[in-house]
Amino acid sequence: MADDNRVILDYDEVADLDDAKLEAAKKKFQEIAYPLVRDVTPVVGEAQSYKYAMQDAQTLAKAARSEPGYDDMTPIEALGYVGLTALGVAGMTPLIGPAFKSAAKGIRALMPNRGTRQSAGQTLPGARANEFDRMDLDTPMNDDLRASIQNDPRFDIFVNGLPDYRRTPESLEANMVEYRNIYRNDPARMAQFNEDYSLRGSTKSLTEEAAQADKNQVDFDAKVIGNSSKALTIPKEPLTFGKGLRQNKNDTVKEYLGSSAWDEVNRSGNAMGTPQEWLGFLKGLRQKGIKAEELSDSGLLMFGKGGEPVGGDIFNLAKDNAKLKISKSEILAALESNPTFRMKTKDYRYPINTDEVLNVYPNFAKLSREVESMILKNTTDISDVSAPTRSEFSKITDSLNNDRITFNDLAGSLSAKPNNLSSLEATKVRLTNSLNNFKDNDKILVRALIDEYDKAIGIASRATEATSMPRHKGTFPGGGTDYREKVTYLNEAIPGNSVGMRIDSSHFNEPNAVTFVRYDTRGVDNYGDTYFMVELQSDPHQSITKSASSHYKKFKKGEYEFSPVDMVRKNPNSKAIRTRVIKREIDDLLTRQNEIQKNAMERPLAPPEIDELDSIMKSIKTKERDLNRMPATLGEASSTQISRGSTYDIDNKSYDFFPMGNESTWVKANIKGLINDARKNNKRYIALAPADFFQLTINNKAKIEQFYGLGNKRLSDEFINVDSMKNFNNADGSGFGKYRKYKKVDDDSYSDSLPTEELGGMAVVPKAMKDVAKELGATFTTKKVFHTDQNKLYKIYDNSKKVPAYAFSKKYEMEEFFANLDRKSGLEMIKMETDDPRNFVESIVIDLQGTNKKAKMKAYKFGGFVQVDRSNFAPLF
């Protein structure tokens, strides 16, 4: 029923067009009219053809808007005025046949529906929205209803407010269903959409209009550059990786992560080189500490076991096209377009933290009990049990008791339901309305309680706000405040992967979540100065590693003829350089074509020039076809990505691509992300929980110990009591940050390896922290990390987690809070001195004091090999 190119104009209404749709229509006109002009009249030249197309688009837009000078021009007159200027210049008037039909189709797309209408005092969209409003929304979703929803400009406003991953073609159907439900059941939200539509464009100043016009021009220029194959070879700004005009103040890791390889290539004097020359140069970078992983992720070079190049764009070009010239800017562009630097970060956190509640609760609860006691005393003087005052006092005392429990629960839940907030607000109203029923001295006490209610309501109000709450706080060790889960993800489809936009909803809703860290805030010198890491993880990389481990075991048993090292990673950047080279070659051909076309404007072309022009056009089309056959390099999804499959495909000897596949690299990415947050939030320390503090209690496995390392105290019996072997028990603390070597025993009673008495090297995360500290010039040391405020001696201790959960300055505050706890199982009240071993855990820390807060860290940084025997679960590099 509806068609993108169908025109429904209400001539008797005032033109009131949607800016976004008009701009989209102008671009659609260009996309259709420009190829027609270029193909039918090649002598005009590509750049000139775009100029004509843009002029025609502007003319039609002015007529559609009824701008001064065009306000009495009908759409038909506008079409006649345009007349396909470019074709007219060429001396041709192709007004019939398929060519003109295609052009007319593009022109019609530029003429959106006119008109608005009024309803209930609100300005609503015109003809297209009328069509949607007239639909029977109780009918099942059909093509007519889908078309009418898509034609409703309020639907565009709704979609623009959704997260990035919801604004994809795959989500269109779900978005339409949700929009229809909002239209039917949520009038308040529809009223907001109507208001947004009514105000669009009306508040733009002349400066904003000029800025929008400039943006439109830039869009058109970008289109010209893109079709001229100059987008990556001639950037509008120099490639600077954040050091020049662009400061990368965006939501990607590029804000704080740079590239060592980019810096080294940029410093080199190689302006141009052959593939073999670049291969030798890039191979030599490894001697300067540049990681092979970055060159592989960028698609430039892949290295084998012996450190020799075995694949990658430069390697293949050195074999296939040895005389080709590659510029330094093309190498830099390949490094800078590495998807690693397009990854984003997001914090999953609660709207409030524990300390906010604990700072208010003691006085709130104390005044609440005093007012309750005072009311109970006063009600005994009221002999008439049916008196209204007595009834109201009874309601207040019940509310006070319930509110103490409700507010207490916030310290653990860190979020509240609307009815919890309503309860607090209702009690405050009752207290306020009953003030005149109290004696003058009692009023002072009640007013003080009302002030505390204002504080509690403020906290509870924020606790009800929609937020991206973390999902796994329940398994986090007790103590600490402001618990968070920080995820680093690639918000785009990865071409070639089994699932382009892979989402592990059990952890996060973001696509292609490469890695995450779970942490909270604790204290070293002062409580609140330390980010305390307890878990670092990479779902995709660890999934691939686990599959590789299983594959390796079966390979050793002879079940597979090839090992995991023979598997190939599906790198979407594997043809990045070849793509750029072909674009540059097309650019050179277009430059020569424009020279010949310029001559044609001044004189007839000679036969050799005509032959050359014909040859150039054929070459351009051939190279453009080659480009279309190459994989996308910026994350567009391909048709194969709708399939479902494993990240590790043994049948095809390949596995999915995710940035930062090396274990130490994604570990450092988490650490550097926290350091960036610490710099912004004035935190001094980044600390790591030892494996035996928490992780070994839930995952008693060798790789956990090799990953996090041991603490500095003797291991508990649950980790060392193995009858068949002697174990290292860390009695002297010499295993701090290290791990025990494990050995497989020939005993059916054990299904896994067991620890030995021999101590291994430094664990993965401590080693990564040491490397990062060295890079920043920070101090790598050990400190006591306090679970709760060390200056508050009265603690509520969690015996199950063996950690103090809450701390208070005074004994009565602790007792008041404990009395109103909903669950007291496993908790006890104790006085804990600062040096009590239960009060802290000795941890490896990075001390950021004195480091340069503006210094950018590197995504792939220098550092030695982690000496860990991880053959069964090592990354595939």
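Just so we're clear, the structure is a prediction, and the values are computed from it rather than from any experiment. (Residues numbered from 1 in each chain as written. Predicted model: local features only at pLDDT ≥ 70, side-chain atom pairs only at ≥ 80, totals over all residues. Heavy atoms only, no water.)

**Some thoughts on the overall build of the protein chain**
So, step 1. From N to C terminus, the protein chain includes 29 helices and 23 strands.
So, step 2. Expressed as a percentage of its 877 residues, the buried residues of the protein chain come to 50%.
So, step 3. Total accessible area computed for the protein chain in this model is approximately 41600 Å², and 49% of it derives from carbon and sulfur atoms. (Helix = DSSP H or I, 4+ residues; strand = E, 2+ residues; numbered from the N terminus. Buried < 20%, exposed > 50% of the residue type's maximum accessible area, 1.4 Å probe, protein only. Areas by Shrake-Rupley, 256 points an atom, 1.4 Å probe, with all protein chains shown as cover.)

**So, the sheet that holds strand 14 (residues 654-655)**
So, step 1. Read across the open sheet, the three strands follow the order 12-14-13; overall the sheet is mixed. The open sheet has two edge strands, strand 12 (568-569) and strand 13 (648-649), and neither has a second partner.
So, step 2. As paired elements, strand 13 and strand 14 share two bridges and run antiparallel to each other. From the neighbouring strand, tyrosine 648 faces strand 14, where its bridge partner is tyrosine 655. (Pairing = 2+ DSSP bridges.)

**Notes on helix 19 (residues 418-433)**
Because an α-helix completes one turn every 3.6 residues, residues spaced three or four positions apart along the sequence face the same direction.
So, step 1. The end-to-end C-alpha separation of helix 19 is 22 Å, in line with the 22 Å expected for 16 residues at 1.5 Å each.
So, step 2. When we look at burial in helix 19, the residues that qualify are Leu421, Leu424, Thr427 and Leu431. Burial along helix 19 is one-sided: seen end-on, the buried residues are contained in an arc of 125°. Away from the buried face of helix 19 by more than 90 degrees, exposed residues Pro418, Asn419 and Asn433 are located. (Expected span 1.5 Å × (residues − 1). Arc of directions from axis to C-beta.)

**Quick notes on the packing of aromatic side chains**
So, step 1. Considering all chains together, one arrives at 24 aromatic pairs under this definition.
So, step 2. Where tryptophan 278 meets phenylalanine 281, the ring centres are 5.7 Å apart and the plane angle is 85°; that geometry is what we call edge-to-face. In this pair, tryptophan 278 and phenylalanine 281 both sit in helix 13 (residues 275-285), three residues apart, roughly one turn of the helix. Pair check on accessibility: tryptophan 278 and phenylalanine 281 agree, each one buried. (Phe/Tyr/Trp six-rings, centres within 6.5 Å; stacked < 30°, edge-to-face > 60°.)

**Thoughts on the packing of helix 8 (residues 153-160) against helix 9 (residues 172-185)**
So, step 1. It is the contact of helix 8 with helix 9, at a shortest axis distance of 11 Å, that shows an interaxial angle of 110°. When the axis of helix 8 is compared with that of helix 9, the two are roughly perpendicular. Two packed elements cross with a definite hand, and for helix 8 against helix 9 that hand is right-handed. Across the interface between the two elements, Arg154, Phe155, Phe158 and Val159 of helix 8 pack against Leu172, Asn175, Met176, Glu178, Tyr179, Ile182 and Tyr183 of helix 9.
So, step 2. Here the contact of helix 8 with helix 9 is composed, by residue class, of eight nonpolar, one polar and two charged. (Axes fitted to C-alpha atoms, helices over the stretch in contact; angles between N-to-C directions. Parallel < 35°, antiparallel > 145°, perpendicular 65-115°, else oblique. Left-handed = near helix turned anticlockwise from the far one by under 90°. Contact = heavy atoms within 4.5 Å. Nonpolar A, V, L, I, M, F, W, Y, C, P; charged D, E, K, R; others polar.)

**Looking at helix 28 (residues 764-776)**
So, step 1. With 13 residues, helix 28 extends 19 Å from end C-alpha to end C-alpha; this agrees with the ideal 18 Å at 1.5 Å per step.
So, step 2. Taken across its 13 residues, helix 28 has ten buried, putting it largely inside the fold.
So, step 3. Turning to helix 28, its buried residues are Val764, Val765, Pro766, Lys767, Ala768, Met769, Asp771, Val772, Ala773 and Leu776.
So, step 4. Glycine 777 occupies a position one or two residues after helix 28 and carries a positive phi of about 75°.

**Things to note about the sheet that holds strand 19 (residues 794-798)**
So, step 1. If you walk across this open sheet you meet the three strands as 20-19-21, and the pairing is antiparallel. At either margin of the open sheet sits one strand with a lone partner, and together these are strand 20 (803-808) and strand 21 (827-831). When the angles between neighbouring strand axes are averaged without regard to direction, this sheet yields 30°.
So, step 2. Across five bridges, strand 19 lies against strand 20 in antiparallel orientation. When the sheet's bridge partners are listed, tyrosine 797 is paired in strand 20 with proline 804.

**Considerations on the nonpolar core**
So, step 1. In this structure, Phe407, Leu410, Leu431, Ile796 and Phe817 are the most contacted members of the largest nonpolar core, which totals 58 residues.
So, step 2. Element by element, the count of residues in this core is highest for helix 17 (residues 354-379), at ten residues.
So, step 3. Setting aside residues up to four positions removed in sequence, phenylalanine 407 forms contacts with Val357, Val360, Tyr361, Phe364, Ala456 and Ile459.
So, step 4. Ranked by size, the runner-up nonpolar core spans 56 residues in total, among them Phe341, Phe658, Met660 and Val667. (Core = buried A, V, L, I, M, F, W, Y, C linked by side-chain atoms within 4.5 Å.)

**Focus: the confidence of the model for the protein chain**
So, step 1. Across the protein chain, pLDDT averages 77, with 71% of residues at or above 70.
So, step 2. The least confident element of the protein chain, judged by mean pLDDT, is helix 4 (residues 85-89) at 41; the most confident is strand 15 (residues 685-688) at 97.
So, step 3. Low confidence marks residues 201-206, where pLDDT is under 50. Its contacts with residues over four positions away, or in another chain, come to six contacts.
So, step 4. Segment residues 630-643 is flagged for pLDDT under 50; beyond a separation of four residues in sequence, or across chains, it makes 34 contacts in the model. (pLDDT = per-residue confidence, 0-100.)

**Quick word on the pairing of strand 22 (residues 840-847)**
So, step 1. Counting buried positions along strand 22 gives seven out of eight residues, so the element sits mostly inside the fold.
So, step 2. Bridge count between strand 15 and strand 22: four bridges; the pairing is antiparallel. Note that in strand 22 the partner of isoleucine 686 across the bridge is isoleucine 846.
So, step 3. The pairing of strand 18 (residues 779-786) with strand 22 spans eight bridges and is antiparallel. Paired with phenylalanine 780 across the two strands is isoleucine 846, which belongs to strand 22.

**Some thoughts on the environment of asparagine 573**
So, step 1. With respect to the helices and strands, asparagine 573 occurs in the loop between strand 12 and helix 22 (576-602).
So, step 2. According to the relative accessible area criterion, asparagine 573 is buried, its value standing at 3%.
So, step 3. Expressed as a C-alpha distance, the spacing of asparagine 573 and glycine 312, which sit 261 residues apart in the sequence, is 8.9 Å.

**Some thoughts on the environment of alanine 147**
So, step 1. The topology assignment puts alanine 147 in helix 7 (residues 143-151).
So, step 2. Accessibility expressed as a relative area gives 14% for alanine 147, which makes it buried.
So, step 3. It is 9.9 Å that separates the C-alpha atoms of alanine 147 and methionine 176, two residues lying 29 residues apart in sequence.

**Comments concerning the side chain of aspartate 649**
So, step 1. If you trace the backbone, aspartate 649 turns up in strand 13.
So, step 2. Although aspartate 649 is buried, it makes no salt bridge; lysine 570 carries the closest opposite charge, 4.8 Å away.
So, step 3. At 2.6 Å, the side chain of aspartate 649 and the side chain of asparagine 652 are in polar contact.
So, step 4. Ignoring anything within four residues of it in the chain, the contact list for aspartate 649 reads Met567, Ser654 and Tyr655. (Lys, Arg positive; Asp, Glu negative; His and termini not counted. Salt bridge = Lys/Arg side-chain N within 4 Å of Asp/Glu carboxyl O. Polar contact = N/O pair within 3.5 Å; in protein donor to acceptor, adjacent residues only side chain to side chain.)

**With respect to unusual backbone geometry**
So, step 1. Even without being a glycine, methionine 660 presents a positive backbone phi close to 60°.
So, step 2. Relative to the helices and strands, methionine 660 is located in the loop between strand 14 and helix 24 (663-681).
So, step 3. The buried category is assigned to methionine 660, whose relative accessible area is 1%.
So, step 4. Positive phi, normally seen in glycine, also occurs at asparagine 730, with a value near 60°.
So, step 5. Here asparagine 730 shows up in the loop between helix 27 (717-720) and strand 16 (738-743).

**With respect to the environment of methionine 141**
So, step 1. Structurally, methionine 141 is set in the loop between helix 6 (127-133) and helix 7.
So, step 2. As a C-alpha pair, methionine 141 and glutamate 173 span 32 residues in sequence and 9.5 Å in three-dimensional space.
So, step 3. Excluding residues within four positions of it along the chain, methionine 141 makes contact with Arg146, Ile149, Glu173, Met176, Val177 and Arg180.

**Side note on a positive patch on the surface**
So, step 1. On the surface, Lys553, Lys554, Lys557 and Lys744 cluster together into a positively charged patch.
So, step 2. Relative to the helices and strands, lysine 744 resides in the loop between strand 16 and strand 17 (754-762). (Patch = residues over 30% accessible without salt bridge, like charges linked within 9 Å, V, L, I, M, F, W, Y side chains within 5 Å. Charge placed at Lys NZ, Arg CZ, Asp CG, Glu CD.)

**Focus on the side chain of glutamate 510**
So, step 1. As for its position among the elements, glutamate 510 is in the loop between strand 9 (481-489) and strand 10 (513-523).
So, step 2. A relative accessible area of 7% means that glutamate 510 is categorised as buried.
So, step 3. Separated by 3.2 Å, the side chains of glutamate 510 and lysine 346 make a polar contact.
So, step 4. A polar atom in the side chain of glutamate 510 sits 2.4 Å from the side chain of tyrosine 348.

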